[in-house]
Structures are given as C-alpha cells and as structure tokens.
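Listed below are the residues making up each chain.
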Amino acid sequence: MLPLPWIKSEINYKIGKPEADLMKIRVRFAPSPTGFLHVGNARTALFNWLFARQANGVFVLRIEDTDRERSADKYEKSLMDDLRWLGLDWDEGPDVGGHFGPYRQSQRLEIYKGYTQSLLDKGKAYYCFCPPEELEKTREESIALGKMAVYSGKCRSLSPEESRRRVDSGEEAAIRLRTPDSGSLDYHDLVRGKLSFDLGLIGDPVIVRSNGLPAYNYAVVIDDLLMEITHVIRGEDHISNTPRQLLAYKALDFSPPQFAHLSMVMGKDNTRLSKRHGAAAVEQFKKDGFLSSALFNYLSLLGWAPPDGQEVLAKNELVRLFDLEKVSRSSAIFDYDKFNWINRQHIKKLTPSQKAELAYPHLRRAGFLPEKTAEAQQEWLERMVEVLSNRIDRFSDLPQEARVFFVFTPQEMDEEARKELEAGCAPQVIGHFAEKISQVKEFNYDRFAAFAQEIREETGCKGKDLYHPLRIVLTAKASGLELDKLIPLVEEGARLDFPLPVKNCSQRVSEVLEVLKK
Ligand code: GLU
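Predicted model only: the values in this text are computed from it and were never measured.

1. A look at the overall build of the protein chain
Part 1 of the reasoning: Of regular secondary structure, the protein chain possesses 21 helices and 11 strands.
Part 2 of the reasoning: By the compact-globule yardstick of 24 Å for 518 residues, the protein chain is too spread out, its C-alpha radius of gyration being 32 Å.
Part 3 of the reasoning: The buried share of the protein chain, reckoned over its 518 residues, is 49%.
Part 4 of the reasoning: Within the protein chain, contacts between residues at least 6 apart in sequence are counted, and of these 75% link residues at least 24 apart.
Part 5 of the reasoning: Here the protein chain displays about 25000 Å² of accessible surface, and carbon together with sulfur accounts for 49% of that area.
Part 6 of the reasoning: Taking the average place of the 73 positive charges on the side chains of the protein chain and the average place of its 77 negative ones, the gap between the two points comes to 2 Å.

Dropping the structure here:
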C-alpha cells in the first residue's frame, strides 16, 4: 500500500497553487552530503527557515544522499553542525524525526519503487534499454550540431511484454517518464515570475537509473509531495530541473508546490563564489572567528533587503521583516568588506563575557591562555578582549592584537622603532622614564601620566617627541593600543600566572634598554 497522497487535484501549471495558502507552510532544505555547506546553500537554507518561522510553518531537513559514491557521513554531520551553528533549527529531519520520515533519501528507496511500479503499470513510465554509450554518442552529435540533446524516444514504443521479458532476462534498463513531445509548460516562480519551457526540448527524463537508484528529479518530487512541502525554495541552478519535476507531478497526479528560485551567490568578479574569492564554506567562516549572528544577518541580505534599508539586523527582526516575494532576481554578490563590517557591528553588541567566550579558543590556540582560567584571569581576559575588540573584524584576528601583552621581544623590534628610540629627544626621555619606574613598587596609568609630566618639565620634550618613545619602550612597537588602556592591563596581567607571562612595564623598559646597549 502506498502512503496516502496529501492532495490530489488537477494540476494548474499556469499559476502557483492557491490551495497551498490554506495549509500550514512546509518548506525543506535538501542538501546532498557531498561537501561542506557552501554559503550559497546556507543562504537557501536561511531563506527557507525565515519563510517558515515567519509563517509559523515547518522547516524540514532532508538529506539527498542517493549519490552513494559522493555522499559521506562526515558531510552530513558537518552540514548539520553548520546549520545549527548558524541558528537554523529544523522541525523534522533525520536526527529529530517527524511524521514524514525517513528523512534520508537512501532510506526511502522502497517508497520510490512503489510509485515507479504504479507509473509503469499505468504506462506513464517505460523501460529504456539504450546503452549509455549510445546515448552519449547521440548527445555529442546533437551538441556538435548546436542542438539540445533530447532523448529520441527509441524505447517508448516497446511493448510492456517485451520490456518485461528483457528486464527479466537481466538486461540493464533505466526507467523514463513518458512526456509530451511538444507544447509548453509554464509556471509562476515566486521570485522570477512566469517561466515557460518548451516541452520539445525536454525529452523523456530518466526517473530510475539502470542501477536501480532514483534520479534526483524523481526522488525530489516524491519526497516533496509526501512530505507535504508547500514551497520549494532553492537555488537557480535547479530551474532547468523544475519542468521535469512538474511533469513528474503530473504523471503522479499530484499538484505541485510553489517554487521560488534564488539567484546564485557570486564573488565580486561575477563568478560563482568559491575558495578563490576567500572563505566560501560556512565552516571556514566559523573557523575564522566570525559570529554566526553576523553571517546569518549578511546571508539574509544576499538578494533581499528590509524595507527601511537597515543592514544590521538580529534574527528576530529578520523573521519579522523577511519577504520572499521581494527577493531579487539578480545575482547576489558576496562582499567580504561589507561582511567584515557587519561582523564588527555584531561584535559591538556582545557583552564582555560573550566576547571573552568567543575569544578564548583563539587565544588558547595561540598559547596565551591556560586550559582553565582562574577567576582573576577571567576577569582580566574580559577587560582585555573588550579593549581589543574594537580593533578586530573577527575573533581570529585577536591573537595578533593580544601579542602586545604576551609576547614582548625587543630584540625583534623593527628597525624603524629602534631608530626612533635613538634619535632626538628619545634617549633622554626613556632614560628619565627608566630611572623613575625603577623606583616605584607599583606602577599604574596615573603614575605614568605623572612621570610623563615630570619628564616633560625635566627635558623640555613634549607631544609626540615625549609620548612616542614611551610607547615604543613599553610595547617595542611604533603604534598600537592607547597607553591608558595598555598600561593597566599590562600591570595587572603581570600579576597573573599565564602560560606566556605578561611582562610588567618596568621589565619591559629594562629589556629595551639592554637591547639598545648592544
Ligand atoms: N539536493 C539538491 C542540492 O543539493 C537540492 C535539491 C532541491 O532543493 O530541490 O542541490
């Protein structure tokens, strides 16, 4: 017994199906686990998710793993991890279950078989014995003549008895859907408007390969109809599949869902976004220390914009504002500079403890932090990260900024900084400073300000001539964090036990002087 169809009616190809509006919205994201989650696919998942959440509908995750050679469990796992990291939770799926499972195509093969048999019985599908080499040759010949490669229909007229006999004798056969030779097929795409396809250019699509596995265009239809999907929102690369799928709906006597095809995500050079452009997989953005809230936000702006043009938006605002029908048809350009900016805006919104938590793995990997931070270290870490977070686009940039605390190597000071320490007022200024700092037990920013004032009076050096040598002597660098922020953190950090000990200001000054002597 086949599972009961959810709706059975005459198909209206001309326009989207109004019945869908009366039902609960059900959408799906249907990745093939053959690689890491690309931002283009993540954007597809996101638009589906926003559409479902806004309508109080259902978001289904379906794994399309019928390509057994290229599918791998590790990719299924990473797809799910990346979706979760992005904050895209699903209501039904292989791990959470649901009433319409199983949610992996490889576990649905029996279901497809049942439908195929009924199509064969009704003469809506037929066995095709054409050898792949012959099909390939005809295909190449058509292409050479500048024509579309359309199946000739050679096996269409074989009698069911003959086909049965050949199949039973073990001859390899695919199964094709019998479709009209001419005419056109129109449908209304929610993003692209009316689309029209010439049926004469489609040919009878293979629905089951000779290895017994269902073709994508067939499995997807049976899944979408049995899972009661009301809206198929997916990438534009599937537009040419849609007429084949509509023909399968017709053959199966089901009305199709509505379709919305999203433009591709491109790099600035107008080619499909790939590693050549920078990070293109969600996993890479995660590793690079970007915030999931920022990627969520930025992905939503790829091909859509809220009515007031606002660009920094939180998840709940996006759910409220998203409008599938306002999604643009033109390709969306992934602009890394813009994304960095969005990420910075999201960093600003975090609390100090959230920032410290996100910074920790990066600082730990750099060897700056212990496996477990003590309370005082944690408190210092929060202040340090808070101060440095204004200077970074993403958390993986933080170790570079934090080096000023943990790595003080004046012997590696660059030539320019060293020359500055040896020119003009500098030797005098740092000499006075070294003398003063060696005499105090406790150093802090107030002391620093007082010393600077005294040195100014004692040496007559002021402004840049005074402060620049002081900065270099404390950091071994010619530029960086403001000293009123740096000094307290250096002094307090030096009292804490870090794997790479923070050197206090007095130590720093003596080490620089040592180096200058050489
Ligand atoms: N499995 C297909 C892909 O990963 C998606 C199919 C669909 O959304 O219809 O491209």
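2. A word on the nonpolar core
Part 1 of the reasoning: Membership of the largest hydrophobic core comes to 107 residues, with the highest contact counts inside it found for F334, L363, M384, F405, F406 and F433.
Part 2 of the reasoning: Per element, the largest residue contribution to this core is 9 residues, and it comes from helix α2 (residues 39-54).
Part 3 of the reasoning: Beyond its immediate sequence surroundings of up to four residues, F406 is in contact with F368, L369, W380, M384, F498, L500, P501 and V502.
Part 4 of the reasoning: Residues F100, Y103, L120 and C128 belong to the second largest nonpolar core, which totals 47 residues.

3. Remarks on the state of the cysteines
Part 1 of the reasoning: In total, this model carries 1 disulfide according to the counting rule given.
Part 2 of the reasoning: One disulfide in the model links C425 with C461; its S-S distance is 2.1 Å. Around the S-S axis, the bridge from C425 to C461 shows a dihedral of about -95° and counts as left-handed. Highlighted residues: C425 in the loop between α16 (415-422) and α17 (426-438) and C461 in the loop between α18 (445-459) and α19 (464-475), separated in sequence by 36 residues.
Part 3 of the reasoning: A relative accessible area of 21% means that C425 is categorised as partly exposed.
Part 4 of the reasoning: In this structure C155 is not part of a disulfide, and its nearest cysteine sulfur, from C130, lies 3.6 Å away.

4. Here we look at the sheet that holds strand β3 (residues 125-128)
Part 1 of the reasoning: What the 3 strands build is an open sheet, ordered β3-β4-β7; its pairing is antiparallel. Looking at strand neighbours, the two that pair on one side only are β3 and β7 (206-208), the edges of this open sheet. Strand-to-strand twist of the sheet, defined as the mean angle between neighbouring strand axes without regard to direction, takes the value 45°.
Part 2 of the reasoning: Here strand β4 (residues 174-177) pairs with β7 via 2 bridges, running antiparallel. Residue pairing for β7: R176 is matched across the bridge by V206.

5. A short note on unusual backbone geometry
Part 1 of the reasoning: Here the residue pair G101 and P102 is connected by a cis peptide bond, since its omega of -5° sits within 30 degrees of zero.
Part 2 of the reasoning: Checked against the element boundaries, P102 lands in the loop between α3 (73-86) and α4 (109-121).
Part 3 of the reasoning: Backbone geometry at E228 places phi at a positive 55°, although glycine is not the residue there.
Part 4 of the reasoning: Secondary-structure assignment places E228 in the loop between α7 (216-226) and β8 (231-235).
Part 5 of the reasoning: Positive phi outside glycine occurs at N270, with the angle close to 65°.
Part 6 of the reasoning: In this structure, N270 sits in the loop between β10 (265-266) and α9 (282-287).
Part 7 of the reasoning: Among the residues examined, N270 registers a relative accessible area of 47% and is labelled partly exposed.

What counts as what
- Residues numbered from 1 in each chain as written.
- Predicted model: local features only at pLDDT ≥ 70, side-chain atom pairs only at ≥ 80, totals over all residues.
- Heavy atoms only, no water.
- Helix = DSSP H or I, 4+ residues; strand = E, 2+ residues; numbered from the N terminus.
- Rg over C-alpha atoms; globule rule 2.2 N^0.38 Å.
- Buried < 20%, exposed > 50% of the residue type's maximum accessible area, 1.4 Å probe, protein only.
- Contact = heavy atoms within 4.5 Å.
- Areas by Shrake-Rupley, 256 points an atom, 1.4 Å probe, with all protein chains shown as cover.
- Lys, Arg positive; Asp, Glu negative; His and termini not counted.
- Charge placed at Lys NZ, Arg CZ, Asp CG, Glu CD.
- Core = buried A, V, L, I, M, F, W, Y, C linked by side-chain atoms within 4.5 Å.
- Disulfide = S-S within 2.5 Å.
- Pairing = 2+ DSSP bridges.
- Axes fitted to C-alpha atoms, helices over the stretch in contact; angles between N-to-C directions.

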